[in-house]
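Close look at the chain arrangement
Here are the chains, one letter per residue:
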Amino acid sequence: MVAGVSVLAKCRVCGRRAVYWVPWANTWFCKEHFVEYFKRRVIRTYEKYFPKNHERILVAVSGGKDSVALLHSLTPHLLDKGLKVSALFIDLGIKNYSQKAYRIVYENTHKLGIPLIVTRLADHGFTIDYVAYLVVKRIIRRPVCSICGLVKRYLMNKTAVEKGFDLILTGHTLNDALAFATQNIYSGNIYDLVKLKPYIPGRDGLVARGKPLLFVYEAETKWFVEAVEAPVLDVKCPHTPRTESIIIHVKKSLEELDEKHPGYMSMAMKNIVDKLIPLLEEKLPKPRLVKCRICGMPSSTDPCGFCRLKIRISKYRLGRISS
Ligand code: AMP
Ligand code: FES
Ligand code: ZN
Ligand code: ZN
């Protein structure tokens, strides 16, 4: 895939000098019309897959290019429809990272004039840096990123419930989602596959969730934030694994395939979402949800994963577990 200034190419819409070549649309765009094209696609996903009964929407923004692109592309449309929109930033307590991320999220919400809610993991007695320390000490036997994912999902839902939001939006894009879907198909993990939909309705204390960027390529979010001059985080999380996992290999091979056959990835995701998942959903029983006896949040286990993590950390602090 190529994007760059071309001396010769002209924007398909206005005929001015083009800046972005979008292989899967087989089209050159100037900056203004690329922005329009990107927004139209995100809005189309929202309008096609999301029911119209949501009123208070919480956009989870990490400061990375994807969720910043989501915020800028969809918020004006939601506000025009008369919906209430706020952003959520989760401060995970990662040194040299979380504070920078907060500044970026703050700047973007300020630019758009929408409220920002900040939830701090430290208020629950620990940080992701501390989790990383416990992983090294083998007190916690799961990768840091997997614990971080659990923590983020929990805090997003808890914040939405407590503040009265009825929909949570995240910036998951096509490249990661399709790699995850492919990996789930190959490994037979059907229950995780069916969660890869643009919209998951709420139930039993779980707030509805959506991924309006599910059909948008990662490269496009990069060009979009550049084009609208939105600030984005330029550092990586220090806990990003150094070795490449199988999912990263799957993602790279899908991207290579898409370079040879532009549009292959978005076609695959659409077929998974529109044809495969509905069939699987008919067959699969809905996983049972229970109320966590400690925090009251919905979960597949009791106590929930977040409370079990807190219990393990406090046992370690009390000297009741050692490495
Ligand atoms: P990740 O799990 O890092 O791939 O992020 C997926 C999505 O979760 C992002 O696009 C955001 O919408 C959301 N997210 C990740 N980290 C945070 C954070 N610290 N605060 C708020 N939302 C986040
Ligand atoms: Fe979660 Fe890095 S942001 S481990
Ligand atoms: Zn143009
Ligand atoms: Zn709990």
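In the block above lies the structure referred to throughout.
Everything quoted here is computed from the prediction, not taken from an experiment.

Things to note about the packing of aromatic side chains
Scanning the entire structure with this criterion turns up 19 aromatic pairs. Judged by centre distance (3.7 Å) and plane angle (10 degrees), the ring pair of tryptophan 24 and tyrosine 217 falls under stacked. Of this pair, tryptophan 24 sits in the loop between β1 (20–22) and β2 (27–29) while tyrosine 217 is found in the loop between β8 (208–210) and α8 (218–227), placing the two residues 193 residues apart along the sequence. Each member of the pair, tryptophan 24 as well as tyrosine 217, is classed as buried.

So, the packing of helix α2 (residues 65–80) against helix α3 (residues 98–112)
Helix packing geometry: the angle between the two helix axes and the distance between the axes. At their nearest, the axes of α2 and α3 sit 11 Å apart, and the two run at 10 degrees to each other. Relative to α3, the element α2 lies roughly parallel. Between α2 and α3, the contacting residues are Val68, Leu71, His72 and Thr75 on the first element and Asn108, Thr109, Lys111 and Leu112 on the second. Of the residues in the contact of α2 with α3, the class split is 3 nonpolar, 4 polar and 1 charged.

A word on the layout of surface pockets
Roughly 210 Å³ of internal volume is contained in the second largest pocket. Lining the second largest pocket are 13 residues, and of these Thr182, Tyr186, Leu254, Tyr264 and Ala268 sit closest to its centre. Secondary-structure elements contributing two or more residues to the lining of the second largest pocket are α6 (174–187), α9 (246–260) and α10 (264–283). Here the lining of the second largest pocket takes 5 residues from α10, the largest share from any one element. For the lining of the second largest pocket, a count of residues per class yields 10 nonpolar, 3 polar and no charged.

Details of the coordination of the zinc ion (ligand 3)
Taken together, Cys11 (SG), Cys14 (SG), Cys30 (SG) and His33 (ND1) make up the protein donors of the zinc ion (ligand 3), found 2.1 to 2.4 Å from the metal. What the 4 donor atoms of the zinc ion (ligand 3) show is an angle range of 97 to 114 degrees at the metal, which sorts the shape as tetrahedral. Judged by relative accessible area, which is 5%, cysteine 30 ranks as buried.

Points about the pattern of salt bridges
If the charged atoms of two oppositely charged side chains come close together, the side chains can form a pair. Under the definition given, this model contains 16 salt bridges. Lysine 158 is the salt-bridge partner of glutamate 162, the closest N and O atoms lying 2.8 Å from each other. Linking glutamate 162 with lysine 158, this pair stays in helix α5 (residues 144–163), spanning 4 residues, or about one helical turn. Assessed through its relative accessible area of 17%, lysine 158 is described here as buried. A salt bridge links arginine 293 to aspartate 302, with the shortest nitrogen-to-oxygen separation between them at 3.2 Å. Among the residues examined, arginine 293 registers a relative accessible area of 60% and is labelled exposed.

Quick look at the packing of helix α4 (residues 128–136) against helix α11 (residues 305–317)
For the pair α4 and α11, interaxial distance at closest approach is 12 Å and the crossing angle is 65 degrees. As far as their axial angle goes, α11 and α4 are roughly perpendicular. In terms of crossing hand, the pair formed by α4 and α11 is left-handed. Note on element contacts: α11 touches α4 through Ile313, Tyr316 and Arg317, opposite Tyr130, Tyr133 and Leu134.

The rules behind these values
- Along each chain, numbering runs from 1 in the same order as the chain's sequence is written.
- Naming scheme: in the order in which they are written, chains are lettered from A and ligands are numbered from 1.
- Local features are withheld for residues below a pLDDT of 70 in this predicted model, meaning they are given only at 70 or higher, and side-chain atom pairs are given and counted only at 80 or more; totals for whole chains, interfaces and linings count all residues.
- Heavy atoms throughout the structure, all of them, feed into the side-chain values; hydrogens and water do not.
- Aromatic rings from Phe, Tyr and Trp, with only the six-membered ring used for Trp, were paired whenever their centres fell within 6.5 Å, and each pair was classed as stacked if the ring planes differed by under 30 degrees, edge-to-face if by over 60, and tilted otherwise.
- Secondary structure elements are taken from DSSP: a helix is a run of H or I of four residues or more, a strand is a run of E of two residues or more, and numbering for both begins at the N terminus.
- Throughout this description, buried means an accessible area under 20% of the type-specific maximum (1.4 Å probe, protein chains only), exposed means over 50%, and partly exposed covers the range between.
- Here the axes come from fitting lines to C-alpha atoms, over the contacting stretch only for helices, and the angles between their N-to-C directions go from 0 to 180 degrees.
- What sets the label is the angle itself: under 35 degrees gives roughly parallel, over 145 gives roughly antiparallel, 65 to 115 gives roughly perpendicular, and the rest give oblique.
- Two residues form a contact once any of their heavy atoms are found within 4.5 Å.
- Throughout this entry, Asp, Glu, Lys and Arg are counted as charged residues, while Ala, Val, Leu, Ile, Met, Phe, Trp, Tyr, Cys and Pro are counted as nonpolar. The remaining residues, Gly among them, count as polar.
- Note on definitions: the grid is 1 Å and covers protein atoms alone; a cavity is a set of points where a 1.4 Å probe fits but cannot get out; a pocket is an open set with protein on both sides within 12 Å along at least five of seven lines; lining residues have an atom within 4 Å of a point.
- Grid points are joined across faces, edges and corners, and a volume is the space filled by probe spheres set on the points.
- Only nitrogen, oxygen and sulfur atoms qualify as donors, provided they sit within 2.8 Å of the metal or within 3.2 Å for Na, K and Ca; with water excluded from the atoms, sites may seem incomplete.
- All geometry calls rest on donor angles, where a four-donor set with angles between 85 and 135 degrees is tetrahedral, four- and six-donor sets with opposite donors more than 155 degrees apart and all others between 65 and 115 are square planar and octahedral, and all else is irregular.
- For this analysis, a salt bridge means a side-chain nitrogen from Lys or Arg found within 4 Å of a carboxyl oxygen belonging to Asp or Glu.
- If you view the pair so one helix is near and one far, a crossing is left-handed when the near helix is turned anticlockwise from the far one by less than a right angle, and right-handed when it is turned clockwise.

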